[in-house]
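This is what each chain is made of:
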Amino acid sequence: MTELAFKLLKEKKLSQKEYKNLISTYTAEDADVLAKEACRIRDEVYGKKVFIRGLIEISNICKNDCYYCGIRKSNAHCVRYRLTHEEILECCEEGYKLGFRTFVLQGGEDGYYTDDILCGIVSDIKKRYPDCAVTLSLGERTYESYLALFNAGADRYLLRHETADTEHYSRLHPKELTFENRMRCLNDLRDIGYQVGAGFMVGSPYQTVDHIAKDLCFIQDFKPDMCGIGPFIPHKDTPFGDFSGGSADLTCFLLSVIRIIHPCVLLPATTALGTVSEDGRERGILSGANVVMPNLSPASVRKKYQLYNNKLSDGAESAQCLQQLKERVALTGCEITVDRGDVKKG
Ligand code: 5AD
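Computed from a predicted model, the values in this text were never measured in an experiment.

Reading the values: rules and limits
- Residues numbered from 1 in each chain as written.
- Predicted model: local features only at pLDDT ≥ 70, side-chain atom pairs only at ≥ 80, totals over all residues.
- Heavy atoms only, no water.
- Axes fitted to C-alpha atoms, helices over the stretch in contact; angles between N-to-C directions.
- Helix = DSSP H or I, 4+ residues; strand = E, 2+ residues; numbered from the N terminus.
- Parallel < 35°, antiparallel > 145°, perpendicular 65-115°, else oblique.
- Left-handed = near helix turned anticlockwise from the far one by under 90°.
- Contact = heavy atoms within 4.5 Å.
- Nonpolar A, V, L, I, M, F, W, Y, C, P; charged D, E, K, R; others polar.
- Pairing = 2+ DSSP bridges.
- Core = buried A, V, L, I, M, F, W, Y, C linked by side-chain atoms within 4.5 Å.
- Buried < 20%, exposed > 50% of the residue type's maximum accessible area, 1.4 Å probe, protein only.
- Salt bridge = Lys/Arg side-chain N within 4 Å of Asp/Glu carboxyl O.
- Phe/Tyr/Trp six-rings, centres within 6.5 Å; stacked < 30°, edge-to-face > 60°.
- Lys NZ or Arg CZ within 6 Å of the ring centre and 35° of its normal.
- Right-handed = clockwise from strand over helix to strand, strands pointing away.

Participant: Which parts of the structure should I look at to understand the packing of helix 3 (residues 28–46) against helix 10 (residues 248–261)?
Facilitator: Each pair of packed helices gets described by two things: the angle between the helix axes and the distance between those axes. Contact geometry of helix 3 with helix 10 gives a least axis separation of 8 Å together with a crossing angle of 45 degrees. As the angle between them shows, helix 3 and helix 10 are arranged oblique. Read as a crossing pair, helix 3 and helix 10 show a hand that is left-handed. Here helix 3 contributes Ala31, Leu34, Ala35, Glu37, Ala38, Ile41, Arg42 and Tyr46 to the contact with helix 10, which in turn contributes Phe253, Ser256, Val257, Arg259 and Ile260. Among the residues forming the contact of helix 3 with helix 10, the class breakdown is nine nonpolar, one polar and three charged.

Participant: Sorry if this is basic, but what is going on with the pairing of strand 1 (residues 49–52) here?
Facilitator: Each regular strand displays side chains that alternate between the two surfaces of the sheet. Of the pairings in the sheet, the one linking strand 1 to strand 9 (residues 335–337) comprises three bridges and is parallel in character. Looking at strand 9, one finds that Val50 is bridged to Ile336. Where strand 1 meets strand 8 (residues 291–292), two bridges bridge the pair, whose relative direction is parallel. Paired with Phe51 across the two strands is Val291, which belongs to strand 8.

Participant: Help me out: how do you make sense of the nonpolar core in this one?
Facilitator: As a rule of thumb, nonpolar side chains are buried together in soluble globular proteins. In this structure, Phe103 and Ile125 are the most contacted members of the largest nonpolar core, which totals 111 residues. Among the elements that take part in this core, helix 10 stands out by supplying 10 residues, more than any other. What Ile125 contacts, discounting residues up to four positions off in sequence, is Ile88, Leu89, Cys92, Phe103, Leu105 and Val134.

Participant: Where do I start with the pattern of salt bridges in this structure?
Facilitator: Two side chains with opposite charge may pair up if their charged atoms get near one another. Counting across every chain of the model gives 32 salt bridges. A salt bridge links Lys127 to Asp124; its shortest N-O distance comes to 3.4 Å. Note that Lys127 and Asp124 are positioned in helix 5 (residues 115–128) at a spacing of three residues, about one turn of the helix. For Asp225, the salt bridge is made with Lys345, and the minimal N-O distance between the two is 2.8 Å. On the criterion of sequence distance, the pair formed by Asp225 in the loop between helix 9 (209–222) and strand 7 (226–231) and Lys345 in the segment after strand 9 is long-range, its members being 120 residues apart. Under the relative-accessibility criterion, Asp225 is labelled buried at 5%.

Participant: Can you walk me through the sheet that holds strand 2 (residues 54–59) in this structure?
Facilitator: Strands pair in a sheet through their backbones, by hydrogen bonds, and they do so in one of two ways: parallel or antiparallel. An order of 2-3-4-5-6-7 is seen for the six strands of this open sheet, with the pairing classed as parallel. Because the sheet does not close on itself, it has two edges, and the strands there are strand 2 and strand 7. Across the sheet, the mean angle from the axis of one strand to that of its neighbour is 20 degrees, orientation sign disregarded. The pairing of strand 5 (residues 156–158) with strand 6 (residues 195–202) spans three bridges and is classified as parallel. Within strand 6, the residue paired with Arg156 across the bridge is Gln195.

Participant: Explain the packing of aromatic side chains to me, please; I cannot follow it from the model alone.
Facilitator: Aromatic rings considered in pairs are described by the distance between their centres and by the relative angle of their planes. Taken as a whole and judged by the stated rule, the model has 15 aromatic pairs. Between the aromatic rings of Tyr206 and Phe243, the centroid separation amounts to 5.4 Å while the plane-to-plane angle is 70 degrees, which identifies the pairing as edge-to-face. Taken together, the positions of Tyr206 in the loop between strand 6 and helix 9 and Phe243 in the loop between strand 7 and helix 10 put the pair 37 residues apart, joining distant regions of the chain. Measuring from centroid to centroid gives 5.1 Å for Phe240 and Phe243, while their planes differ by 75 degrees, and the two rings are edge-to-face. On the basis of relative accessibility, which here comes to 29%, the residue Phe243 falls in the partly exposed class. Following the ring pairs from residue to residue traces out a cluster consisting of Tyr67, Tyr206, Phe232, Phe240 and Phe243. Here the guanidinium or amino end of Arg101 rests over the ring plane of Tyr96, the centre of that ring lying 3.5 Å away. The ring centre of Tyr206 lies 3.8 Å from the NZ or CZ of Arg171, which sits over that ring.

Participant: When you look at the pairing of strand 3 (residues 102–107) in this model, what are you seeing that I'm missing?
Facilitator: Among the six residues that make up strand 3, six are buried, leaving the element largely enclosed by the rest of the structure. Alternating positions in strand 3 separate into two faces, Thr102, Val104 and Gln106 on one and Phe103, Leu105 and Gly107 on the other, with burial throughout. Between strand 2 and its parallel partner strand 3, the chain crosses via helix 4 (residues 85–98), and the hand of that crossover is right-handed. Two elements, strand 3 and strand 4 (residues 133–137), share five bridges in a ladder whose sense is parallel. Note on strand 4: the bridge partner recorded for Thr102 is Ala133. Between strand 3 and its parallel partner strand 4, the chain crosses via helix 5, and the hand of that crossover is right-handed.

In structure tokens:
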């Protein structure tokens, strides 16, 4: 084992410079030892359990033009859709019967969803399924909007920070989107009382080991309740279509590091990880992840929510195939659990 991996095992925290060196020099043995420690910590905090979230992709209409994203406004090849209030409730009804107790409403920044419309949807879901958590993942909004949605019953909000480096942020996004506003949103969400999710892509264009080291320091300081990390996967109809994708190995290594430095975090084995590697989901769990988010969107729109090429939406990624997912998760020695799966505060 290298010295830095040993130090991380012992002290559960490193400096930015040490993270940079660890990421640049870690060995297969380090990855193995840290993965085992990550699983031990996860099992101690949450048990050998994997929480499931039903993901409802409510709209692929977006006013933003993020360079990496397949549903960016300028992608004229993207066939746009938006789910109605009733369609979203039907997804929840189906999900509830399947055993889901968290619904994640994710979508592009679609101006149709005003606070009034969204608050109506959220409060209807909470009225019908008071034992369920509602998670929103709908991008940047105002403090007032986040507050109204929280008061309507939303419990959690996912908003990846994408990168903790201001300059790198500006290479991934057009100038209308700023790192400063992203941080404002994350802080507002936390102040209001949401369980907050951050996260980033591994191997995004122009990302350096220094940037990843900064991401780890950000996670250490901000302590998000959830942290979504997955490999970058190019989408051919974006400015980043010719860049290479991120690695499953590095993603898994970072999952382990994040579990070790922030034991209580809810850590998904992401669809992107399952897309780049056939057994990515299982490897994510074996690296310390404890959440999976199968797709509950209506079958007719699933292929249209293409953040990146070849995004999985059937098989174990589909909410309807929970049995398959259960079998896959069982291979890791963990077990899927039907429960809201709230964060434990450490
Ligand atoms: N590859 C991997 N992840 C992507 N996302 C968007 N585009 C891509 C891509 N090409 C991620 C972003 C976003 C989340 C919803 O999906 O990190 O926050």
